[in-house]
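Given next are the chains, with one letter for each unit.
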Amino acid sequence: MSANAVSCTIKSPVALQIGDAVSDSSRPGVYITDITLAEPVNIQEISFKNYYTAYLTVRLQRREDGSAKWVTCLRNYCLMSNPHAEDGSHDYFSIYRHQMLTEPDNVTTVRLILRQPSSEWLNFSIEEINIHPCAKEDSERDVPAWISTLTPVEEPLDLNGLPDPETVSSSIQQMWALTEIMQASQTAASIGRFDVEGSYDVKLLSYT
């Protein structure tokens, strides 16, 4: 079972035999598999691996107004383009919510009806069955308890009325350039601090 699949119980397939099951030795062409869910689920996806099943019908038992009601959400879905050939016999399939004939909400039981009209195959079934819930149910189920104790994130500050960040950045760059120019000018001035209008100041020289 995949990590985000719901907990369920998959019952053994039950064969539907036409005629006398004791005297008729022909292979059954229909199997029914019931899947009981641990709790009502809004289904997003049903995934599985095929094993020589040609057609699939899906019925759901939904809880409505305190009672259980059966509905068909998928009818004769083709898993093998040719029941007598191998194509599709071992493929993985996913049936999504939007493909279903009715909304798969509050589902308590999923019934899979498998058909294989060809006598080429001794057995047929579907394997690795997983039922995935809708995202909302999934997120509520997977969120650890400690997350609910975290302090809510503060709302972002209201920046209305503040200067544009690009303008501020440009101004800072200009101030930095001006500072570099002033420092260079001070260095040049210190070199000629004893030079007064092209001649040396004797008083300044006497103090050095």
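In what follows, the accompanying structure is described. Small disclaimer: the values here were computed from a predicted structure and weren't measured.

### Quick look at the overall build of the protein chain
A tally of helices and strands in the protein chain yields 3 helices and 11 strands. Going residue by residue from the N terminus, the α and β elements of the protein chain occur as β-β-β-β-β-β-β-β-β-α-α-β-β-α. Counting across all 208 residues of the protein chain, residues that qualify as buried make up 30%. Summarising the internal contacts of the protein chain: among those between residues at least 6 apart in sequence, 73% fall at separations of at least 24. Accessible surface for the protein chain amounts to roughly 14400 Å². Of this, 54% is attributable to carbon and sulfur atoms.

### Topic: the sheet that holds strand 7 (residues 92-96)
In a beta sheet, neighbouring strands pair by backbone hydrogen bonds and run either parallel or antiparallel. Strand order in the open sheet made by the 3 strands is 7-4-9, with antiparallel pairing throughout. Edge positions in the sheet fall to strand 7 and strand 9 (125-133), since each has one partner strand and no second. Adjacent strand axes in the sheet meet at a mean angle of 20° when their direction is disregarded.

### Brief notes about the pattern of salt bridges
Scanning all chains against the criterion turns up 3 salt bridges. Here Asp34 and Arg111 are joined by a salt bridge, their closest N and O atoms 2.7 Å apart. Here Asp34 is found in strand 3 (residues 30-41), whereas its partner Arg111 is found in strand 8 (residues 107-115), with 77 residues between them in sequence. Using a relative accessible area of 16% as the deciding quantity, one classes Asp34 as buried. Relative accessible area serves as the criterion here: at 26%, Arg111 is assigned to the partly exposed category. With its nearest N and O atoms 2.7 Å apart, the salt bridge here joins Arg62 to Glu64. Judged by its relative accessible area of 13%, Arg62 is buried. What makes Glu64 partly exposed here is its relative accessible area of 26%.

Calculation rules
- Residues numbered from 1 in each chain as written.
- Predicted model: local features only at pLDDT ≥ 70, side-chain atom pairs only at ≥ 80, totals over all residues.
- Heavy atoms only, no water.
- Helix = DSSP H or I, 4+ residues; strand = E, 2+ residues; numbered from the N terminus.
- Buried < 20%, exposed > 50% of the residue type's maximum accessible area, 1.4 Å probe, protein only.
- Contact = heavy atoms within 4.5 Å.
- Areas by Shrake-Rupley, 256 points an atom, 1.4 Å probe, with all protein chains shown as cover.
- Pairing = 2+ DSSP bridges.
- Axes fitted to C-alpha atoms, helices over the stretch in contact; angles between N-to-C directions.
- Salt bridge = Lys/Arg side-chain N within 4 Å of Asp/Glu carboxyl O.

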